[in-house]
Amino acid sequence: MPSKKELFFTHLGQTSPQPMAIEIESAEGVYMYGPNGKTYMDLVSGVSVSNLGHHHKEITQAIKEQVDKYMHLMVYGEIIQTPQLKFAQLLTQQLPESLNSVYLVNSGSEAIEGAMKLAKRLTGRSEIISCKNAYHGGTHGALSIMGSEKFKTAFRPLLPDTRLIEYNNKADLQHITKRTACVFIEPIQGEGGIISPKDDYLKAVRQRCNETGALLVFDEIQTGFGRSGELFAFMKYNVVPDIMCIAKAMGGGLPLGGFVSSHERMKSLTFDPVLGHITTFGGHPVSSAAAYAHLKYLVDNPQLYKTADKKAQLFKANLEKHPLVKEIRYDGFYMAVSLNDSDAIENFLALAAEKGIISDLFLFDHGAFRISPPLIMTVEEIEKASTLLLECLDILNNKQ
Ligand SMILES: Cc1ncc(COP(=O)(O)O)c(C=O)c1O
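Structural notes, computed from the coordinates. (Residues numbered from 1 in each chain as written. Predicted model: local features only at pLDDT ≥ 70, side-chain atom pairs only at ≥ 80, totals over all residues. Heavy atoms only, no water.)

## Details of the packing of helix α13 (residues 345-355) against helix α14 (residues 379-399)
Here is step 1: Remark: α13 packs on α14, axes separated minimally by 9 Å, with the N-to-C direction vectors making an angle of 130°. It follows from the interaxial angle that α13 and α14 lie oblique. Our pair here, α13 against α14, has a crossing hand that is right-handed. Contacts from N347, F348, L351, A352 and K355 in α13 reach L388, L389, E391, C392, L393, I395 and L396 in α14.
Here is step 2: Its residues assigned to classes, the contact of α13 with α14 shows nine nonpolar, one polar and two charged. (Axes fitted to C-alpha atoms, helices over the stretch in contact; angles between N-to-C directions. Helix = DSSP H or I, 4+ residues; strand = E, 2+ residues; numbered from the N terminus. Parallel < 35°, antiparallel > 145°, perpendicular 65-115°, else oblique. Left-handed = near helix turned anticlockwise from the far one by under 90°. Contact = heavy atoms within 4.5 Å. Nonpolar A, V, L, I, M, F, W, Y, C, P; charged D, E, K, R; others polar.)

## A look at the layout of surface pockets
Here is step 1: The calculated volume of the second largest pocket comes to roughly 670 Å³.
Here is step 2: Those elements that provide at least two residues to the lining of the second largest pocket are α4 (82-93), β4 (101-105) and α9 (263-266).
Here is step 3: Considering each element in turn, the lining of the second largest pocket owes the most residues, five residues, to α4.
Here is step 4: Considered class by class, the residues forming the lining of the second largest pocket number 14 nonpolar, eleven polar and two charged. (1 Å grid on protein atoms, 1.4 Å probe; cavity = no way out; pocket = protein on both sides within 12 Å on 5 of 7 lines; lining within 4 Å. Points joined across faces, edges and corners; volume = space filled by probe spheres on them.)

## Focus: the site of the ligand
Here is step 1: Around the ligand, the surrounding shell consists of S107, G108, S109, Y135, H136, G137, E186, D219, I221, Q222 and K248.
Here is step 2: S109 is positioned with one of its side-chain polar atoms (N or O) 2.6 Å from an oxygen atom of the ligand. (Near = heavy atom within 4 Å. Polar contact = N/O pair within 3.5 Å; in protein donor to acceptor, adjacent residues only side chain to side chain.)

## Section: helix α5 (residues 108-123)
Structurally, the α-helix is built with 3.6 residues per turn, so residues lying three or four positions apart point the same way.
Here is step 1: Across its 16 residues, α5 extends 23 Å between first and last C-alpha, which sits within 8% of the 22 Å expected from 1.5 Å per residue.
Here is step 2: The complete set of buried residues in α5 reads G108, S109, E110, A111, I112, E113, G114, A115, M116, L118 and A119.
Here is step 3: The N-cap residue of α5 is S107: its side-chain oxygen and the backbone nitrogen of E110 are 3.2 Å apart.
Here is step 4: Downstream of α5 by a residue or two, G124 has a phi angle that is positive, lying close to 70°. (Expected span 1.5 Å × (residues − 1). Buried < 20%, exposed > 50% of the residue type's maximum accessible area, 1.4 Å probe, protein only.)

## A closer look at the sheet that holds strand β1 (residues 26-28)
Here is step 1: An order of β1-β2-β3-β13 is seen for the four strands of this open sheet, with the pairing classed as mixed. A strand with exactly one partner marks an edge of an open sheet, and here the two such strands are β1 and β13 (357-358).
Here is step 2: With three bridges connecting them, strand β2 (residues 31-33) and strand β3 (residues 39-42) associate as antiparallel partners. Bridge pairing links M32 to Y40 in β3.
Here is step 3: Running at roughly 110° to β3, α14 makes contact with β2, β3 and β13 of the sheet. (Pairing = 2+ DSSP bridges.)

## Re the packing of aromatic side chains
Here is step 1: Per the counting criterion, the structure on display carries ten aromatic pairs.
Here is step 2: Taking the centre distance of 6.3 Å and the plane angle of 25° together, the rings of Y31 and Y33 count as stacked.
Here is step 3: An aromatic cluster of three or more residues is present, and its members are Y76, Y103 and F259.
Here is step 4: Here the guanidinium or amino end of R121 rests over the ring plane of F271, the centre of that ring lying 4.9 Å away. (Phe/Tyr/Trp six-rings, centres within 6.5 Å; stacked < 30°, edge-to-face > 60°. Lys NZ or Arg CZ within 6 Å of the ring centre and 35° of its normal.)

Structural data, given as structure tokens:
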């Protein structure tokens, strides 16, 4: 009889030679539970997904109620489905008038694809600009604007007419011209290792887009729904995009994505040609019901995300004095801890998992580990996680 691990490696397509391969049987709050009572604290939230922690009562209740009413009825956009309406109304009530329409899809990558098509359709232009060290997803279009050649070469040819600029470099904004359809930016770079915008950078991007007629697209797929300390990072930095991409935490743990713009702009996907973007499962009613319950909870309990920076500060104060820690960056409850020895990161993560802490690498910053826990994490839980992380750092330090 093959073990679960053997089945995992044999019958599931893998993404890397060394996945975590940790078995989980249940999860609750900031904890995940393996067989034999092994407990893990979740410092990743499934990569910025489980904002309200695992097995959140309101969300699971909304899912159960919707499953009992109906699941898939028809491709997106044809039938009036209450969960989609409730979510779209509540979401757009939180946003400026220029972001009053959401097109629901299944994932972050698909939201990016939809936003690319919308920008091309609206401007009649083809050039798409994005930033070095940006991650926007794994589909061909999203991969075309990824900010690292290493991940792209093997899959070329990709989309033509894409260009990378350096994040936080205002001089590079000159590359945005009247040829540019749109500029994709994560308001806070995530996989680059949590890099915040400096010196009104986002305002400068906004201004350059206004000058050239290029559309500004914010990828809020990780930063959205409270991660940054505001409901959306654009609110923290006071720069409103023309299109916003959302996913990850959006579905309260179920798959859901969306691109948001004005009703006027969104209409362009309905003619010349009709069906400008189509998706079967986009805005699945069960995901939308979970999304509504999640967003309603956030809107009703803003202290959950308003305390994000304070909680990150607490982690920082606990960890920063350790001799192995080089730098801690955070923007909301979205943190990167850089170690002095970047080769030690993989060992550190393995040690942390042994001690019952789930953290992870960043795609483009190999010297740091990630802390982006559920927003519900309490001060006591932060203290407990910090103690465990310090123990791992001590073990590594003593081995060196
Ligand atoms: C900033 C950002 N954009 C887009 C994506 C792609 O989202 P998905 O994996 O849902 O396709 C991710 C996923 O990690 C992301 O972090």
